[in-house]
Amino acid sequence: MRSTRRLPKGAGIGLRLPHLAEVVATRPPAGWLEIHPENFLANPHATELLIELAPHYPISVHTVGVSIGSVSGIDRSHLKRVRALVDLLDPMLVSGHLAWSTHDGEYLNDLLPLPYDEETLRLLAAHIHEVQDGLGRPYLVENPSSYVGFGTSTMNEVEFLCELVHRTGCQLLCDVSNVHLSAHNMGYDAYQYIDGLPANAIAELHLGGFTPEEDEANPGVELLVDTHATVVADAAWALYAYTVRRIGLKPTLIEWDNDIPPLATLLGEAARADDVAARAVATEARGVASR
Ligand SMILES: [Fe+2]
């Protein structure tokens, strides 16, 4: 497994195609960039621009089409294409989701939930081994945004993630906004969730905007929906500060995928992440000194 190439100096932003030319032309002060390889694999011009940027920023590759939860298995031809891009970029991190999004070669435009039981653990562990072997490097698994659970689950999400780390040596991408959102929707404690994660395995943090909507199945009940279409909410910033105090500073990304704002808005959110993290680290240091 290869070591990381460059480490970021501050929070990063998700690089989406509408901002690509501007980022190449202006090289804004983002700490790092995260890309979805699926946006580039069939777009040679965009790939050329991305390769131009690669020497100037640490880059992370966040897959949305490597479906580790699919019972029909990993799409090896897709994995090979991702590997080719990874080899070109030599990113600091490569990640994907605790979810399934393909079945029998059909790509579904969604990240779908999984039951947390022994059978799913065995399936995902085998697929993560296959992905890590196929990419030649560790793979980070991201906690999902949850709206439903399975009556057949025999463990909670934290127990499931801990066991996946134990069985595969994978790392974790902790999406702090997803933790807040899922805790709200599923009725558990977000802070206890963070406390239960294996801190040493967490290699990246995400922050993204979510949108409150009424639950159609339960009128009057508010669901938080992972829209990635707005600024990070105050409750997610508070949970982020707690996470940094608990696990230390990790590469942190601002995700924004819908109603994409001007680049300056993303950079402002990244600067806020740096500020919140710096204050969290200082608070923790003062606490340690006074203990
Ligand atoms: Fe995320």
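Residues numbered from 1 in each chain as written. Predicted model: local features only at pLDDT ≥ 70, side-chain atom pairs only at ≥ 80, totals over all residues. Heavy atoms only, no water.

Asker: Any chance you could explain the packing of aromatic side chains here in plain terms?
Answerer: Two descriptors summarise a pair of aromatic rings, namely the distance from one centre to the other and the angle between the planes of the rings. In the structure shown here, the tally under the stated rule is four aromatic pairs. For the pair Y116 and F160, a centre-to-centre distance of 4.8 Å together with 40 degrees between the ring planes defines the contact as tilted. Highlighted residues: Y116 in the loop between strand 6 (106-112) and helix 4 (118-135) and F160 in helix 5 (residues 157-168), separated in sequence by 44 residues. Between W237 and Y240, the ring centres sit 6.2 Å apart and the planes meet at 70 degrees, which makes this aromatic pair edge-to-face. Of this pair, W237 and Y240 both sit in helix 8 (residues 234-247), three residues apart, which is roughly one turn of the helix. Side by side, W237 and Y240 carry an identical accessibility label, which is buried. (Phe/Tyr/Trp six-rings, centres within 6.5 Å; stacked < 30°, edge-to-face > 60°. Helix = DSSP H or I, 4+ residues; strand = E, 2+ residues; numbered from the N terminus. Buried < 20%, exposed > 50% of the residue type's maximum accessible area, 1.4 Å probe, protein only.)

Asker: Is there a simple way to explain the coordination of the iron ion in this structure?
Answerer: Reference values for angles at a metal are 109.5 degrees in the four-donor tetrahedral case and 90 or 180 degrees in the six-donor octahedral case. Distances from the iron ion to its protein donors, E142 (OE), D175 (OD), H206 (ND1) and E255 (OE), fall within 2.0 to 2.3 Å. Mapped onto the sequence, the residues coordinating the iron ion show the spacing E-x32-D-x30-H-x48-E. Of this pair, E142 sits in strand 7 (residues 140-142) while D175 is found in strand 8 (residues 171-175), placing the two residues 33 residues apart along the sequence. Owing to a relative accessible area of 2%, E142 belongs among the buried residues under this scheme. Residue D175 is classed as buried on the basis of its relative accessible area of 1%. (Donors = N, O, S within 2.8 Å, 3.2 Å for Na, K, Ca; no water.)

Asker: Which parts of the structure should I look at to understand the pattern of salt bridges?
Answerer: A side chain of one charge can pair with a side chain of the opposite charge when the charged atoms of the two come close. Applying the stated criterion across every chain, the model contains ten salt bridges. A salt bridge links R76 to E130; the shortest N-O distance between them is 2.9 Å. With R76 in helix 3 (residues 76-89) and E130 in helix 4, this pair connects stretches of sequence that are 54 residues apart. Judged by its relative accessible area of 21%, E130 falls in the partly exposed class. (Salt bridge = Lys/Arg side-chain N within 4 Å of Asp/Glu carboxyl O.)

Asker: I would appreciate a short explanation of the packing of helix 4 against helix 5 in the present structure.
Answerer: Think of two packed helices as two axes; the pair is described by the angle between the axes and how far apart they sit. With their axes 10 Å apart at the nearest point, helix 4 and helix 5 run at an angle of 45 degrees to one another. Here helix 4 is positioned oblique relative to helix 5, judged by the angle of their axes. Crossing geometry of helix 4 relative to helix 5 is assigned as right-handed. Facing helix 4, whose interface residues are E118, T120, L121, R122, L124, A125, I128, H129 and Q132, helix 5 presents F160, E163, L164, R167 and T168. Residues of the contact of helix 4 with helix 5, tallied by class, amount to six nonpolar, four polar and four charged. (Axes fitted to C-alpha atoms, helices over the stretch in contact; angles between N-to-C directions. Parallel < 35°, antiparallel > 145°, perpendicular 65-115°, else oblique. Left-handed = near helix turned anticlockwise from the far one by under 90°. Contact = heavy atoms within 4.5 Å. Nonpolar A, V, L, I, M, F, W, Y, C, P; charged D, E, K, R; others polar.)

Asker: Quick question: what am I supposed to make of the side chain of H36 here?
Answerer: Looking at where H36 falls in the secondary structure, it is placed in the loop between strand 2 (33-35) and helix 2 (44-53). With a relative accessible area of 11%, H36 lands in the buried category. Of note is the side chain of H36, whose polar atom sits 3.3 Å from the side chain of R16. Not counting the four nearest positions on each side in its chain, H36 is found in contact with R16, H62, V64 and D257. (Polar contact = N/O pair within 3.5 Å; in protein donor to acceptor, adjacent residues only side chain to side chain.)

Asker: Sorry, what's going on with helix 6 (residues 176-186) here?
Answerer: Structural remark: α-helix, 3.6 residues per turn; residues separated by three or four positions point the same way. Most of helix 6 is tucked away, with nine of its eleven residues classed as buried. All buried positions along helix 6 are accounted for by V176, S177, N178, V179, H180, L181, S182, A183 and N185. Its side-chain oxygen placed 3.1 Å from the backbone nitrogen of S177, D175 serves as the N-cap of helix 6. A positive phi of about 80 degrees marks G187, the residue just after helix 6.

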